[in-house]
Amino acid sequence: MSYRQRTSADALAIAKGTRGPVQGFVALSALYLIVLFLIPAVLGQSPRSSRRKPARKPGSERDVQVANRVGEPYPQLVDITQSTGIQFEHLSSPEQKFIVESMSGGVAVVDYDRDGWPDIYFTNAQTVDMALHGRKARSALYHNNHDGTFTDVSDKAGVAYPCWAMGASVGDYNNDGWPDLLVTCFGGVVLYRNNRDGTFSDVTKSAGLGNDSGWATGAAFGDYNGDGWADLFIAHYVDFHLESLPVFGSRETCKYVGIDVQCGPRGLNGSPDNLYRNNGDGTFTDVSQASGVADPEHRYGLTAVWSDFDNDGKLDLLVANDSQPNYLYRGNGAGKFSDTGFSSGIALDENGAAQANMGIAIGDYLHKGRMSVLLSHFDNEYATLYRNDGQMRFTDESDSSGIAQATRGYVGWGDVFVDFGNDGWQDIFLVNGHVYPQVDSVHSQLRYREPKLLFLNERNGAFKNISAKAGLAIQIPQVGRGLAVADLFNDGKLEAIVENLVGKPMILRPEGGPPNHWISFQLEGLKSNRLALNARVRAAAGDLLLLGEVISGGSYLSQNDVRIHFGLGRHKRVDKAIIFWPDGRVENLTNLVADHFYFLREGAGIVSSKLPRAGDPKRP
Ligand SMILES: [Ca+2]
Ligand SMILES: [Ca+2]
Ligand SMILES: [Ca+2]
Ligand SMILES: [Ca+2]
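Model, not experiment: these values are computed from the prediction. (Residues numbered from 1 in each chain as written. Chains lettered and ligands numbered in written order. Predicted model: local features only at pLDDT ≥ 70, side-chain atom pairs only at ≥ 80, totals over all residues.)

1. What about the overall build of the protein?
- Within the protein one finds nine helices and 38 strands.
- A total of 620 residues make up the protein; the buried ones form 58% of that total.
- Partitioning the contacts of the protein with sequence separation of at least 6, the portion at a separation of at least 24 is 62%. (Helix = DSSP H or I, 4+ residues; strand = E, 2+ residues; numbered from the N terminus. Buried ≥ 20, exposed ≤ 12 C-beta atoms within 10 Å, placed from the backbone. Contact = placed C-beta atoms within 7 Å.)

What follows is the structure, given as structure tokens:
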């Protein structure tokens, strides 16, 4: 069977079609759009309270500031790392002679102490030389001090030395309301149970995850069988062993543009993936084979994201495979999956080629009520933007959107759909950095350190490269890997946290954007999994029709803020919000005032709301 051929099962699914509640809402929401044209826009000042902002050095970057489609200035992304007090540095070997030294650097946002302020966990990895000498690398958990600074609490929390760490994802596997941390490692995974007192316990073995011993990369919690307990998928990359290290430059697959480089992934054996069902008693059972996601071809898995891509109410799973076709597993809601990678159009690019798929971003960048996908790739390729056309059909819009042209020549990793300007349209942000330090010695455009890329949503399916017009910080070349976004300072602006393979991270804060409004939702499941993973919010604010989802994992080995944040442009309220809980319950909320954080509990609607930085910082 050719890669392009549909299976009969896929054809049947397409023929049957589905019309989920989200699609129905699109029609309803069109009414809001009509109403909007009848109401003159009323511009107002944001009522957000003033706060001490992290220090910002004046620069000339404002001279090249760009405007969005309605003429508003796009914010400048300012490097505030120094003012946060974060001292973390990722270790790396200068020559990167082994692929296992090139892939680490995931960053997770997790409010581990539930004070309402996002904290940050940076993973770290030793070099092969360090490992051979019995030395470990120190990962770091930074507590958010509520004043723009962070404090390293790794030792007290007990999460400084999990393993040879790659990335981290957040879930609440025991449904106690306290987020737990899953660290992926070269050599399995570590599950840290949150002890509710600022400390974590390594429960990997007692939870039944101790047999996962491969090179784990992207991990994602999601309740695929709808029993209210978050299950866990873990992608594995290369079957790699320190006892039999492939020799640098030794064969054809260890050379690049004529120079000797590290070997892999091509030429090395891949490693299968695992799905673990949550038993609801603190343990997991390996159901990889029975569920159909075991990856019998041993593709080089890097990132995984759960979402309901065809809006049929059943959770699906997207797995990005380096240099090989991606998996898009369609779930039947009862524990079985079928791979629709090829029939959906997402396994390969539009030319039928498998790319070096690294990071996954999902977002509804066209306000269609469906989650589209962005995948980051290698330097001789380009980032692929797959527009979700419904019913598990995706169209490769990389060229027509302008993304392909602007991302060629870069090695992309962490990627997100993010609305830094709060105008209600999600832009695209990618971090880059080459795999081989040796490319600096080649007389070409290739460099080990690469700048980041920022694309403005043109609201018509196209994106405009504004990387040179959003401040100097993102133009500084680095060896980027992980990327997460979060409203770190609870002021309605989204920061980006970039973890680099080499040296310090970079935290970017949007400054000088338009006085747009926003809204933030934190969800708590009752019958659904407590962290409300894969719950969705559809919000209508005037002409804006927004879709957000609570997601575990994603980007590249990273974890975004689990709160759903919407930019609202000049709209001072959300006219209507529909909450789609994972267990199928649908709740409607109306007339929500903007510039507030809303806490929603399943079945109880709004439990509380608060203004930025106002009132009791404790969660309800
Ligand atoms: Ca916190
Ligand atoms: Ca927990
Ligand atoms: Ca489950
Ligand atoms: Ca589905």
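2. Describing the pairing of strand β26 (residues 453-457)
- With five of its five residues buried, β26 lies for the most part within the structure.
- Neither face of β26 is left uncovered, since the one carrying Leu453, Phe455 and Asn457 and the one carrying Leu454 and Leu456 both have all their residues buried.
- Direction of pairing for strand β25 (residues 427-432) relative to β26: antiparallel, over a ladder of three bridges. Bridge assignment links phenylalanine 429 to a residue of β26, and that residue is leucine 454.
- Counting the residues that bridge the hairpin from β26 to strand β27 (residues 463-465) gives five residues, and of these arginine 459 lies at a positive phi of roughly 70°. (Pairing = 2+ DSSP bridges.)

3. Quick notes on the sheet that holds strand β33 (residues 544-549)
- Here four strands make up an open sheet; going across it, the order is β33-β32-β35-β36 and the pairing antiparallel. The open sheet terminates on both sides in strands that have one partner only, identified here as β33 and β36 (586-593). Taken over all neighbouring pairs, the strand axes of this sheet differ in orientation by 20° on average, direction set aside.
- In the sheet, strand β32 (residues 536-541) pairs with β33 via six bridges, with the strands oriented antiparallel. Paired with arginine 538 across the two strands is leucine 547, which belongs to β33. (Axes fitted to C-alpha atoms, helices over the stretch in contact; angles between N-to-C directions.)

4. Description of the sheet that holds strand β28 (residues 480-486)
- On the basis of which strands lie adjacent, the open sheet formed by four strands has the order β1-β30-β29-β28 and antiparallel pairing. The open sheet has two free edges, formed respectively by β1 (76-79) and β28, since each of these has just one partner strand. Geometrically, the sheet is characterised by an average inter-axis angle of 25° between neighbouring strands, direction not taken into account.
- Bridge analysis of strand β29 (residues 495-500) against strand β30 (residues 506-511) gives three bridges, and the strand direction is antiparallel. Its bridge partner lying in β30, valine 498 is registered against methionine 506.

5. Quick look at the pairing of β36
- In this sheet, β36 lies alongside strand β35 (residues 573-580) in antiparallel orientation, the contact comprising seven bridges. Of the residues in β36, the one forming a bridge with valine 574 is leucine 592.
- Where β35 folds back onto β36 in an antiparallel hairpin, the turn is made up of five residues, including glycine 584, whose phi is positive at roughly 100°.

6. Thoughts on the environment of tryptophan 229
- As for its placement among the helices and strands, tryptophan 229 is situated in the loop between β10 (216-222) and β11 (231-236).
- For the pair tryptophan 229 and serine 528, spaced 299 residues apart in sequence, the C-alpha to C-alpha distance is 7.6 Å.
- Beyond its immediate chain neighbours, meaning those up to four positions away, tryptophan 229 contacts Asn175, Asp223, Asn278, Gly280 and Asn529.

7. Looking at unusual backbone geometry
- Following glycine 264, the chain continues to proline 265 via a peptide bond in cis, the omega torsion being 0°.
- By the element assignment, proline 265 lies in the loop between β13 (259-260) and β14 (274-278).
- The phi torsion at histidine 298 lies on the positive side, around 55°, for a residue other than glycine.
- Positionally, histidine 298 belongs in the loop between α6 (288-291) and β16 (301-307).
- The phi torsion at asparagine 422 lies on the positive side, around 55°, for a residue other than glycine.
- For asparagine 422, the location among the structural elements is in the loop between β24 (412-418) and β25.

8. Brief notes about the nonpolar core
- Judged by nonpolar contacts, the single largest core of 174 residues is most densely connected at Tyr121, Leu181, Val183, Cys185 and Val189.
- Here this core takes five residues from β35, the largest share from any one element.
- Sequence-distant contacts of valine 183, defined by excluding residues within four places in its chain, comprise Thr123, Pro162, Cys163, Ala165, Ala168, Val189, Val190 and Tyr192. (Core = buried A, V, L, I, M, F, W, Y, C linked by C-beta atoms within 7 Å.)

9. Here we look at the environment of alanine 235
- Among the secondary structure elements, alanine 235 is positioned in strand β11.
- For alanine 235, a count of 32 C-beta atoms within 10 Å gives the class buried.
- Sequence-wise, alanine 235 and tyrosine 300 are 65 residues apart; in three dimensions their C-alpha atoms are separated by 8.3 Å.
- If sequence neighbours within four positions are ignored, alanine 235 has contacts with Thr217, Gly218, Asp273, Gly301, Leu302, Thr303, Ala304 and Val319.

10. As for the confidence of the model for the protein
- On average, residues of the protein carry a pLDDT of 90, and 89% of them reach 70 or more.
- Between residues 1-63, whose pLDDT stays under 50, and residues either more than four places distant or in other chains, the model counts 79 contacts.
- This model gives residues 614-620 a pLDDT under 50, and the stretch forms 14 contacts once residues within four places in sequence are excluded. (pLDDT = per-residue confidence, 0-100.)

11. Brief notes about the environment of alanine 137
- Relative to the assigned elements, alanine 137 resides in the loop between α4 (128-132) and β4 (140-144).
- Judged by local crowding, alanine 137 falls into the buried class, with 21 C-beta atoms found within 10 Å.
- Separated by 23 residues in sequence, alanine 137 and alanine 160 have C-alpha atoms that sit 8.4 Å apart.
- Apart from the residues lying within four places of it in its own chain, the contact partners of alanine 137 are Leu91, Asn124, Ala125 and Gln126.

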